[in-house]
Amino acid sequence: MSFNKQIKNKDKEKRKLKMKDWSKMTDEELAVEAFCEGIPPSTDANEERLQRVITISMDSENTQMPFGLVKTAPLLELFWRKTGADCDGEEEMMELPDGNTYLICLATHCE
């Protein structure tokens, strides 16, 4: 496959992803879409629990989590459903599929 064709296919996939109506998906469907690298295994219950903070740039396509990349759009929908937070500067605690609870901070744009 040529390089230009690969770029066109990737752009097509991005447009398709942005056109999805996240509001009509179940929480389980959103989790599958968001955690594209797979739902991580739970951590050891004896592991020291520190408050972990994750800042999500709401205009980014992907967000780096401690357990891998996640797709931002379905994650934001899931976060809003579970916490009600959806604006720049809001922060709420949320348990993620790895079994840990994180302080999730929303930002319009992160450098």
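Scope of this entry: the structure provided in the associated data block. Since we're looking at a predicted model, the values are computed, not measured. (Residues numbered from 1 in each chain as written. Predicted model: local features only at pLDDT ≥ 70, side-chain atom pairs only at ≥ 80, totals over all residues. Heavy atoms only, no water.)

### Digging into the pattern of salt bridges
Defined as follows: Salt bridge, as used here: a side-chain nitrogen of Lys or Arg that lies within 4 Å of a carboxyl oxygen of Asp or Glu. In DSSP terms, a helix is any run of H or I states spanning at least four residues, a strand is any run of E spanning at least two, and both are numbered starting from the N terminus. Only protein chains enter the accessibility calculation, which uses a 1.4 Å probe. A residue is then buried if its area is under 20% of the maximum for its type, exposed if over 50%, and partly exposed in between.
Counting across every chain of the model gives four salt bridges. For Arg-81, the salt bridge goes to Asp-27, with nearest N and O atoms at 2.9 Å. One end of the pair, Arg-81, is in helix H3 (residues 72-83); the other, Asp-27, is in helix H2 (residues 27-34), with 54 residues separating them in the sequence. Here Arg-81 falls in the partly exposed class, since its relative accessible area comes to 28%. In this structure, Glu-77 engages Arg-81 in a salt bridge whose closest nitrogen and oxygen atoms are separated by 3.1 Å. Of this pair, Glu-77 and Arg-81 both sit in helix H3, four residues apart, which is roughly one turn of the helix. According to the relative accessible area criterion, Glu-77 is buried, its value standing at 16%. Bridged by salt links that share partners, the residues Asp-27, Glu-77, Arg-81 and Lys-82 form one connected network.

### Re the sheet that holds strand S5 (residues 101-107)
The pairing of strands in a sheet happens through backbone hydrogen bonds and is either parallel or antiparallel. Here is the rule: At least two DSSP bridges between two strands are required for those strands to pair. For every element, the axis is a line fit to its C-alpha atoms; helices are fit only across the contacting stretch, and the angle between N-to-C directions ranges from 0 to 180 degrees. Here a residue-residue contact requires only that any non-hydrogen atoms of the pair lie within 4.5 Å.
If you walk across this open sheet you meet the three strands as S1-S5-S4, and the pairing is mixed. Since the sheet does not close on itself, it has two edges, and those belong to strand S1 (52-57) and strand S4 (91-95), each with one partner. Strand-to-strand twist in this sheet, taken as the mean axis angle between neighbours without regard to direction, amounts to 35°. Sheet analysis places S1 next to S5, joined by six bridges and oriented parallel. Note that in S5 the partner of Ile-56 across the bridge is Leu-106. Those strands touched by H3 are S1, S4 and S5, and its axis lies near 95° from that of S4.

### Some words on H3
Using the following cut-off: A helix is expected to reach a length of 1.5 Å times the quantity of its residues less one.
Over its 12 residues, H3 runs 16 Å from end to end, which matches the ideal 16 Å to within 8%, given 1.5 Å per residue. Among all positions in H3, only Thr-72, Pro-74, Leu-75, Leu-76, Glu-77, Leu-78 and Phe-79 are buried. Where H3 is buried, its residues contact H2, S1, strand S2 (62-65), strand S3 (68-71), S4 and S5. The positive-phi residue at the C-terminal boundary of H3 is Gly-84, with phi of around 85°.

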